[in-house]
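If you want the building blocks of each chain, they are given just below.
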Amino acid sequence: MGSVSDPGELTELAQPSFEEFQKQTSLMTSCTLLWKELSDHFTALEENLMKKSEALKEMIGALDSQTQTSIESLKRREATIERSVEIVAGKVGERARAALESLEKARDGGDDGGGEVDDEEGLLSALKSLCLKMDARGFWSFVTARKKELEGLRSQIPAALVDCVDPAMLVLEAISEVFPVDKRGSGEKMTNDFGWACVVILESLAPVMVDPVIGKARLLVTPSVKEKAKEIAETWKASLEERGRVENVKTPDVHTFLQHVVTFGIVKSEDLGLYRKLVVGSAWRKQMPKLAVLVGLGDQMPDMIEELISRGQQLDAVHFTYEVGLVDKFPPVPLLKSYLRDAKKTVVEDSSRASHLVARKEQSALKAVLRCIEEYKLEEEFPPENLKKRLEQLEKTKTEKRKPAAVPANKRTRASYNGPMPPAKAGRITNAYVSSFPFIRSPSHSPQYASPAAYPSPPTTVYSNRSPPYPYSPELIPASYQGSPIGYPAYNGYCNGPVPVPAPAPPVYHPHYPQQHHQHTHHQQAYY
């Protein structure tokens with residue numbers, strides 16, 4: 001039988017090793033760190049999900065608000081359709097009756113609107129007569145013949161188009177002579193550019209097409225006319241290759257196209273790149289900043305302004321800045337000063353013209369900057385007094401350069417030619433004039449005429465109205481030049497027989513002209 005151990009007997013227990021204890025400690029530490037990492041990860045995921053949830057809630061709320069606004073707008077538009085149609089129908093009836101009356105008057109020999117116009121009232125009457133008759137060709141001819149009355153046309157054409165049965169169709173037919181493709185002959189294209197007339201007519205049509213009830217939110221244009229306007233825009237874009245691509249297209253054509261898409265509400269989002277190139281290429285036009293916003297380039301304005309600055313068009317950039325309210329981001333005064341500095345940097349191969357071209361460019365820049373300061377009320381930030389002084393100095397210098405140069409007293413001129421006479425046949429005084437004609441050499445330069453000779457003086461003669469009479473007397477001839485006359489052949493047709501030979505080559509008189517080049521460069525820092 002086995003023996004039973006005595007409870008009181010001490011038994012030897014197995015002791016754990018130190019290495020095992022370290023392993024357990026390391027495992028506990030790793031588990032703790034892993035748990036902390038997992039806990040932080042899930043906390044971050046929860047916070048991120050909460051933020052996205054809040055953002056989604058805000059977006060859903062904004063979409064709900066926009067949807068509700070759109071629905072209300074549609075309901076309002078739908079409710080106003082009947083009223084708008086009623087108003088337009090009444091106007092169409094009135095216009096039709098007025099058109100019939102105008103036609104009857106014209107048939108009876110009354111005023112057809114093609115006579116002379118003395119005042120704005122007569123201008124409006126003539127325009128209304130043409131609009132009532134829907135005479136697109138006559139309307140176009142009437143407008144293009146009165147470019148000098150541009151402001152009157154700009155104010156009276158909208159009032160005249162109101163009485164037109166279909167103003168949109170009248171305008172499209174009127175400008176079809178030159179837009180989208182110029183149908184005139186090559187000679188007339190060169191002499192008359194009617195882009196200004198297209199722009200004025202399209203600008204005048206815009207307020208006429210506004211809905212009388214809800215305003216600019218809806219344009220009163222029939223689907224057929226709007227479709228025709230789209231076709232015209234596509235035709236113009238297709239003709240860009242013939243016009244020299246976007247970079248070389250004429251500014252009046254660009255202005256007409258942009259005003260066309262804005263007036264008829266046919267702006268296309270896929271054409272924003274084309275619109276931007278056209279606007280930047282013709283940014284100097286006054287209406288371009290506003291047109292850029294109307295065609296949907298408002299979000300791209302900061303980049304467009306920076307592009308204009310990099311191209312040296314700081315003045316245009318100032319106009320764009322004020323149009324979109326980015327004055328804080330692009331301060332106007334530093335841009336204007338930079339524009340004036342660049343105006344003095346004109347590279348001209350012909351150094352004789354460099355001073356003149358630089359002064360003229362600086363003069364134009366000063367005038368433009370002064371107008372900009374006045375338009376945007378920048379007198380406190382950029383005082384214009386120094387600029388005005390500089391402009392006066394340039395104008396004074398320009399006036400002085402235009403004064404005719406004084407003719408030297410010893411310069412002979414021909415009355416029938418109004419130019420310098422050929423060289424004198426004999427020396428008279430020590431500073432006798434030597435002709436600068438390239439085909440005539442002075443006799444003193446030829447060896448065969450080296451012998452001095454004296455001759456009796458000719459009578460007093462007046463050679464032209466630009467030079468005073470020159471009395472010559474024998475007393476003016478030095479005694480050392482006395483000698484017997486020597487004959488020589490005819491000198492380029494100016495003498496036909498023996499004539500005295502002049503004295504040895506006298507000193508050539510060179511008139512002194514004061515050097516005025518680059519005077520304006522000394523005042524650059526003093527003015528800006």
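Residues numbered from 1 in each chain as written. Predicted model: local features only at pLDDT ≥ 70, side-chain atom pairs only at ≥ 80, totals over all residues. Heavy atoms only, no water.

**A look at the packing of aromatic side chains**
Part 1: The full count for this structure, using the stated rule, is 4 aromatic pairs.
Part 2: On the numbers, 6.3 Å between centres and 45° between planes, the contact of Phe-257 with Tyr-275 is tilted. Of this pair, Phe-257 sits in helix α10 (residues 251-263) while Tyr-275 sits in helix α11 (residues 272-281), and the two are 18 residues apart along the sequence. In this structure, Phe-257 and Tyr-275 share a single accessibility class: buried.
Part 3: Both rings, one in Tyr-322 and one in Tyr-376, keep their centres 4.0 Å apart while their planes meet at 5°; by these two values the pair is stacked. (Phe/Tyr/Trp six-rings, centres within 6.5 Å; stacked < 30°, edge-to-face > 60°. Helix = DSSP H or I, 4+ residues; strand = E, 2+ residues; numbered from the N terminus. Buried < 20%, exposed > 50% of the residue type's maximum accessible area, 1.4 Å probe, protein only.)

**Describing helix α3 (residues 136-144)**
Part 1: Within α3, the full set of buried residues consists of Ala-136, Phe-139, Trp-140, Phe-142, Val-143 and Thr-144.
Part 2: The secondary structure elements touched by the buried residues of α3 are α2 (120-132), α4 (150-161), α5 (167-175) and α7 (195-208). (Contact = heavy atoms within 4.5 Å.)

**Thoughts on the pattern of salt bridges**
Part 1: Summed over all chains, the structure comprises 11 salt bridges.
Part 2: Measuring nitrogen to oxygen at the nearest pair gives 2.8 Å for the salt bridge that ties Asp-182 to Arg-184.
Part 3: On the accessibility criterion, Asp-182 (23% relative accessible area) is partly exposed. (Salt bridge = Lys/Arg side-chain N within 4 Å of Asp/Glu carboxyl O.)

**Some thoughts on the nonpolar core**
Part 1: The biggest cluster of nonpolar side chains holds 88 residues, and the ones touching the most others in it are Phe-139, Leu-258, Phe-264 and Phe-320.
Part 2: For Leu-258, the residues in contact, after removing those within four places along its chain, are Tyr-275, Leu-278, Val-279, Met-288, Leu-291 and Val-295. (Core = buried A, V, L, I, M, F, W, Y, C linked by side-chain atoms within 4.5 Å.)

**Considering α5**
Part 1: Among the 9 residues of α5, 8 are classified as buried, and the element is accordingly described as predominantly covered.
Part 2: All of the buried residues along α5 are Pro-167, Ala-168, Met-169, Leu-170, Val-171, Leu-172, Ala-174 and Ile-175.

Read these as layout, nothing more, since geometry by itself doesn't imply function.
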